[in-house]
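In case you want the letters, here they are:
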Amino acid sequence: MNSYLLTFLSLLISINVSAQLNQVNYDEKEVPEYKLPELLISKSGRKIKNTKRWEKIRRPEILKLFQQEIYGKVPQTIRISDVNVHEETTDVFDGLATRTQVELVFRKDDQELGVNVLLYLPKDTAKVPVFVGYNFKGNHAINDDPNILLTDSWVPDNPSLGIVHNQVTEQSRGVSGERWPIEEILKSGYGIVTAYYGDVDPDRDNFQDGIHPFTYRLGQFRPGNDEWGSVSAWAWGLSRIMDYLETVPAIDSSKVVVFGHSRLGKTALWAAANDQRFAMCISNNSGCLGAALSRRQFGETIGKITSTFPHWFCENLNKYSAREELLPVDQHMLLGLIAPRPLYVTSATADLWADPKGEFLSASEAGKVYALYEKEGLPVAAMPEPNSPVMGTIGYHIRKGKHNITAYDWKQFIRFAQKHFEPVVPTE
Ligand code: GTR
């Protein structure tokens, strides 16, 4: 073939691929026909009929595939070097709660990283269950409380909130308050634990900051193809926070709910899949490479997410850009890894980018693993109406409105946690 023809053909192919990447499909009729990879048949073709086989054979296989091809594995064990207690106050929110602020310090050679964790725990209650999840703008943004320390980590500039040169100021104190109904959570008997995700790894395409460089060999500047992207690093950070929570006497570490919204909802799922100490998981509007099925290619796709956020996942994921059908897994399998622990998935009616139907279908499919444990997955076969939560061991709602995490969502999270954590009082 002559070289002009070759150039012309490769140009055509690249135009076609980029056209595919630029199109966003919001039409159910345009969803390609797809076949999901089998949850309950092992690589060698073995049928997985019981929990023993699931736990010994299939679960590890699936976890490994997600590590290798999507989120990236954590290359080495890194432990907390020190816990600096910045503050312990016994009386906040009119005596409702205690507030603790600690810094988890990680050290390696001349590198040091601090993750500031903020805890509000209901007062005078021994061994409380807690919700743990990251925030987007720094701990101080979740409430007006003037005593919450400001982060000095990198934060995306937002001059309207006084965030310039990537540093927060007093101006952003409390700006995310609506997303954090702390007093309601405390009054329900739950504590809330949060950290700024950028303390663990700033959310930018730069592998020289955050926790990643801690594992580099001499001359290495970025993770290997199957090694952790940012979502995996953030999930790792949640597990380190869990290490710390296990040492806090006032917390019932067998009742820790890991939660997150959007990219942090993806993170919560990946954290719960890897770390079975999280007793429950809530993923809010997590979408592409969160709860939604990738093969539907509805809204955000692999091509879109890897080109907009090249640092979120491992390099290997790029192979599947506009090639979703070749993925060895789909997201129902990620949800299946959380079984038999309670799992709550949400969508929002106006959040088509996250593919609400794909989020529901994958939660529904994951029920197959829960069935092995004789647990009910989702209690319904069809997608419920907006604002009509359903709660089996898997729960789901689609809220009316936009991509967000709201008081309505939190109300359901608390109900879901109450349903699964409160001891059932015998009726006789
Ligand atoms: C979007 C991204 C989504 C979602 C969201 C968020 O831009 O495409 O996957 O994670 O950001 O985290 O707010």
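Residue numbers restart at each chain and count upward from 1, following the sequence in its written direction. The model is predicted, so local features are restricted to residues of pLDDT at least 70 and side-chain atom pairs to those at 80 or more, both for listing and for counting; the totals for chains, interfaces and linings are taken over all residues. The side-chain figures draw on all heavy atoms in the structure; neither hydrogens nor water molecules are used.

As annotated in an unreviewed UniProt entry, the protein carries the name 4-O-methyl-glucuronoyl methylesterase-like domain-containing protein and is attributed to Sunxiuqinia elliptica.

Student: How should the overall build of the protein be read in this particular structure?
Tutor: Only DSSP runs of H or I reaching four residues or more are called helices, and only runs of E reaching two or more are called strands; each is numbered from the N terminus. Within the protein, the secondary structure is distributed over ten helices and ten strands. The globule rule is 2.2 Å times the number of residues to the power 0.38, and the radius of gyration it is compared with is taken over C-alpha atoms. For 428 residues, the compact-globule estimate of 2.2 N^0.38 gives 22 Å, and the protein sits close to it at 22 Å. Relative accessible area decides the class of each residue, using a 1.4 Å probe on protein chains only: under 20% of the type maximum gives buried, over 50% gives exposed, and in between gives partly exposed. Each of the 428 residues in the protein was classed as buried or not, and the buried ones make up 56%. We call two residues contacting when some pair of their heavy atoms lies within 4.5 Å. Considering only intrachain contacts with a sequence separation of at least 6, the fraction spanning at least 24 residues in the protein is 69%. By the counting scheme adopted, Arg and Lys are positive, Glu and Asp are negative, and His together with the chain ends is not counted. Just so you know, the charge point we use is NZ for Lys, CZ for Arg, CG for Asp and CD for Glu. Both charge centroids of the protein, one from 46 positive and one from 52 negative side chains, sit 7 Å from each other.

Student: Can you walk me through the packing of aromatic side chains in this structure?
Tutor: Under the pairing criterion, centres of Phe, Tyr and Trp rings, with the six-membered ring standing for Trp, must be within 6.5 Å; the plane angle then separates stacked pairs below 30 degrees from edge-to-face pairs above 60, leaving the rest tilted. This structure, assessed with the given rule, holds 22 aromatic pairs. With a centroid separation of 5.5 Å and 65° between ring planes, the pair formed by phenylalanine 136 and tyrosine 197 is classed as edge-to-face. Here the residue phenylalanine 136 occupies a position in the loop between strand E4 (128–135) and helix H3 (182–187), and tyrosine 197 occupies one in helix H4 (residues 197–200), the gap between them amounting to 61 residues. For tyrosine 197, a relative accessible area of 3% translates into the label buried. When the centroid spacing of 5.9 Å and the interplanar angle of 85° are considered together, the rings of tryptophan 228 and tryptophan 236 count as edge-to-face. One aromatic cluster in this structure is built from Phe131, Trp180, Tyr190, Phe259, Tyr344, Trp410, Phe413 and Phe416.

Student: Could you clarify how one ought to interpret the site of the ligand in this entry?
Tutor: If a single non-hydrogen atom of a residue is within 4 Å of a molecule or strand, that residue counts as near it. Residues in contact with the ligand, as listed here, are Ser262, Arg263, Lys266, Glu300, Ile305, Phe309, Trp312, Trp353 and His403. Within the side chain of glutamate 300, a nitrogen or oxygen atom sits 2.5 Å from an oxygen atom of the ligand. Three classes are used, and their members are as follows: Ala, Val, Leu, Ile, Met, Phe, Trp, Tyr, Cys and Pro are nonpolar, Asp, Glu, Lys and Arg are charged, and the others, Gly among them, are polar. Of the residues in the shell around the ligand, the class split is four nonpolar, two polar and three charged. Identification of polar contacts relies on pairs of N or O atoms within 3.5 Å, with a donor-acceptor requirement for protein atoms, meaning one able to donate a hydrogen and the other able to accept it, and with residues adjacent in sequence counted only if both atoms are side-chain atoms.

Student: Looking at this structure, how should I read the side chain of aspartate 355?
Tutor: Looking at where aspartate 355 falls in the secondary structure, it is placed in the loop between strand E8 (343–348) and helix H9 (356–372). On the basis of relative accessibility, which here comes to 2%, the residue aspartate 355 falls in the buried class. Side-chain polar atoms of aspartate 355 contact the side chain of arginine 296, separated by 2.8 Å. If near-sequence neighbours (up to four positions away) are discounted, aspartate 355 is found in contact with Ala292, Leu293, Arg296 and Phe298.

Student: How should the environment of threonine 349 be read in this particular structure?
Tutor: Along the chain, the position of threonine 349 falls in the loop between E8 and H9. By relative accessible area, threonine 349 is classed as partly exposed at 31%. Placed 37 residues apart in sequence, threonine 349 and proline 386 show a C-alpha to C-alpha distance of 7.2 Å. Those residues in contact with threonine 349, other than ones at most four positions away along the chain, are Pro386, Ile398, Arg399, Lys400 and Gly401.

Student: Can you walk me through the pattern of salt bridges in this structure?
Tutor: Charged atoms that come close allow side chains of opposite charge to pair. The term salt bridge refers to a pairing of a side-chain nitrogen on Lys or Arg with a carboxyl oxygen on Asp or Glu at a separation within 4 Å. Applying the stated rule across the entire model yields 24 salt bridges. The residue glutamate 315 makes a salt bridge to arginine 222 at a minimum N-O spacing of 3.0 Å. In this pair, glutamate 315 is assigned in the loop between helix H7 (302–308) and helix H8 (331–336) and arginine 222 in the loop between H4 and helix H5 (230–245), connecting sequence segments 93 residues apart. Of the charged contacts, one joins glutamate 246 and arginine 277 as a salt bridge, the two residues approaching to 3.0 Å between their closest N and O atoms. Of the two residues, glutamate 246 is situated in the loop between H5 and strand E6 (251–261) and arginine 277 in the loop between helix H6 (263–274) and strand E7 (280–284); the sequence distance between them amounts to 31 residues. For arginine 277, a relative accessible area of 25% puts it in the partly exposed group. If you follow the salt bridges from partner to partner, you end up with Arg240, Asp243, Glu246, Asp275 and Arg277 in one network.

Student: I keep staring at the UniProt feature "domain: 4-O-methyl-glucuronoyl methylesterase-like" (unreviewed entry) in the protein and nothing clicks. Help me out?
Tutor: Summarizing the sequence annotation, UniProt attributes the feature "domain: 4-O-methyl-glucuronoyl methylesterase-like" (unreviewed entry) to residues 225–371 in the numbering used throughout. Helix makes up 39% of residues 225–371 and strand makes up 15%, while its end C-alpha atoms are separated by 35 Å. UniProt positions are given in the numbering used here, feature names are shortened, and annotations may be inferred rather than shown by experiment.

Student: Please explain helix H10 (residues 407–421) as it appears in this structure.
Tutor: Each turn of an α-helix holds 3.6 residues, which means side chains three or four residues apart point in the same direction. One less than the number of residues in a helix, times 1.5 Å, gives the span that helix is expected to have. An ideal rise of 1.5 Å per residue puts 21 Å on 15 residues; H10 measures up with 21 Å between its terminal C-alpha atoms. What H10 keeps buried is the set Asp409, Trp410, Gln412, Phe413, Ile414, Phe416, Ala417 and Phe421. Where H10 begins, the capping side chain belongs to threonine 406, and its oxygen is found 3.2 Å from the backbone nitrogen of tyrosine 408.

Student: Help me understand the packing of helix H2 (residues 51–71) against H6 in this model?
Tutor: Each pair of packed helices gets described by two things: the angle between the helix axes and the distance between those axes. A fitted line through C-alpha atoms serves as each axis, taken over the contacting stretch for helices, and the angle formed by two N-to-C directions is quoted from 0 to 180°. Packing of H2 against H6 brings their axes to within 11 Å, and their N-to-C directions diverge by 140°. Here H2 lies oblique to H6, going by the angle between them. Note on packing geometry: the crossing formed by H2 with H6 is left-handed. For the pair H2 and H6, contact is made by Arg59, Leu63, Phe66, Gln67 and Tyr71 and by Trp270, Ala273 and Asn274, respectively. Throughout this description, any angle smaller than 35 degrees is read as roughly parallel, any larger than 145 degrees as roughly antiparallel, any in the 65 to 115 degree range as roughly perpendicular, and the remainder as oblique. Should the near helix be turned anticlockwise from the far one by less than a right angle, the crossing is termed left-handed; should it be turned clockwise, right-handed.

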